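One letter stands for each residue in the lines below.
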Amino acid sequence: FEAALRDAMDVVKDKTTAVQQQLIDAHSMAEQRDAQLQSVLQAVNLEPAAVDAISRQMEDALEAKNRAIKDLHFELRKIERQHSDVIGEYERRCRAAAIPVLELEPLVGGGARDGSTSP
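What you see is a predicted model, and the numbers here were worked out from it, not measured in a lab.

Regarding a nonpolar patch on the surface
A cluster of nonpolar residues, V40, V44 and L46, forms a patch on the protein surface that exposes about 220 Å² of accessible area. Mapped onto the fold, V44 is located in the loop between α1 (2-43) and α2 (48-96). On the basis of relative accessibility, which here comes to 38%, the residue V44 falls in the partly exposed class.

Printed below as a string of structure tokens:
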């Protein structure tokens, strides 16, 4: 039982780490693209209409990225809740079988025990 629990926890930790890395990467990419766009717009003297069109396209792309980030945050919260549920079930089963409960590592990013997440 403990081996299966540890395997499940490892899978959850791996998923959480992957989702957190995706969030970091998406944020970094958005910042890089914004800096690149600003550099290009400053280097090239475009007509205001062209700047507006480019800005609208960039805003659309950013909105799509923001939706992806929100989706990743949702997945992260879902994984953390699942992790918390697994830990709770493990602790209940240990107590029911009069087995000492092992202190288990929290998820990367913390907050899984109380349902909170890091931003």
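Alright, that's what it looks like, and here's the rest.
Notes on the nonpolar core
With 8 residues, the main nonpolar core is built from V12, V19, L23, A26, I69, L72, L76 and I79. Secondary structure elements with two or more residues in this core: α1 and α2. Counting residues in hydrophobic clusters, the runner-up holds 6 residues, among them I87, Y90, C94 and L104.

Some details on α1
Residue pairs three or four apart in sequence face the same way in an α-helix, which turns once every 3.6 residues. Counted at 1.5 Å a residue, the expected span for α1 with its 42 residues is 62 Å, and the 61 Å between its end C-alpha atoms agrees. Restricting attention to buried positions, one finds in α1 the residues L5, M9, V12, K13, T16, V19, Q20, L23, A26, L37 and L41. Where the residues of α1 are buried, they touch α2.

Remarks on the packing of α1 against α2
Angle between the axes and distance between the axes: these two values describe a pair of packed helices. Running from N to C, α1 and α2 point in directions that differ by 165°, and their axes come no closer than 10 Å. By the angle between their directions, the pair α1 and α2 is classed as roughly antiparallel. Taken as a pair, α1 and α2 cross one another with a handedness that is left-handed. Split by residue class, the contact of α1 with α2 holds 21 nonpolar, 5 polar and 3 charged.

Examining the confidence of the model for the protein
On average, residues of the protein score 79 in pLDDT, and 87% of them reach the 70 mark or higher. Counting contacts from residues 110-119, a segment whose pLDDT is below 50, to residues more than four positions away or on other chains yields 16 contacts.

Points about the environment of L23
Structurally, L23 can be placed in helix α1. L23 sits in the buried class, given a relative accessible area of 11%. Filtering out sequence-adjacent residues up to four positions away, L23 remains in contact with I69, L72, H73 and L76.

Observations regarding the pattern of salt bridges
What the rule picks out here adds up to 3 salt bridges. A salt bridge links K78 to E75, with the shortest nitrogen-to-oxygen separation between them at 3.7 Å. Of this pair, K78 and E75 both sit in helix α2, separated by 3 residues, roughly a single helical turn. The class for K78 is partly exposed, based on a relative accessible area of 33%. Its salt-bridge partner being E89, residue R93 comes within 2.8 Å of it at the nearest N-O pair.

Remarks on the environment of R6
By secondary structure assignment, the location of R6 is in helix α1. Note on R6: relative accessible area 41%, which makes it partly exposed. Separated by 98 residues in the primary sequence, R6 and L104 place their C-alpha atoms 9.1 Å from one another. Setting aside anything within four residues of it in sequence, one finds R6 in contact with L102 and L104.

Definitions and cut-offs
Residues numbered from 1 in each chain as written. Predicted model: local features only at pLDDT ≥ 70, side-chain atom pairs only at ≥ 80, totals over all residues. Heavy atoms only, no water. Patch = residues over 30% accessible without salt bridge, like charges linked within 9 Å, V, L, I, M, F, W, Y side chains within 5 Å. Areas by Shrake-Rupley, 256 points an atom, 1.4 Å probe, with all protein chains shown as cover. Salt bridge = Lys/Arg side-chain N within 4 Å of Asp/Glu carboxyl O. Helix = DSSP H or I, 4+ residues; strand = E, 2+ residues; numbered from the N terminus. Buried < 20%, exposed > 50% of the residue type's maximum accessible area, 1.4 Å probe, protein only. Core = buried A, V, L, I, M, F, W, Y, C linked by side-chain atoms within 4.5 Å. Expected span 1.5 Å × (residues − 1). Contact = heavy atoms within 4.5 Å. Axes fitted to C-alpha atoms, helices over the stretch in contact; angles between N-to-C directions. Parallel < 35°, antiparallel > 145°, perpendicular 65-115°, else oblique. Left-handed = near helix turned anticlockwise from the far one by under 90°. Nonpolar A, V, L, I, M, F, W, Y, C, P; charged D, E, K, R; others polar. pLDDT = per-residue confidence, 0-100.

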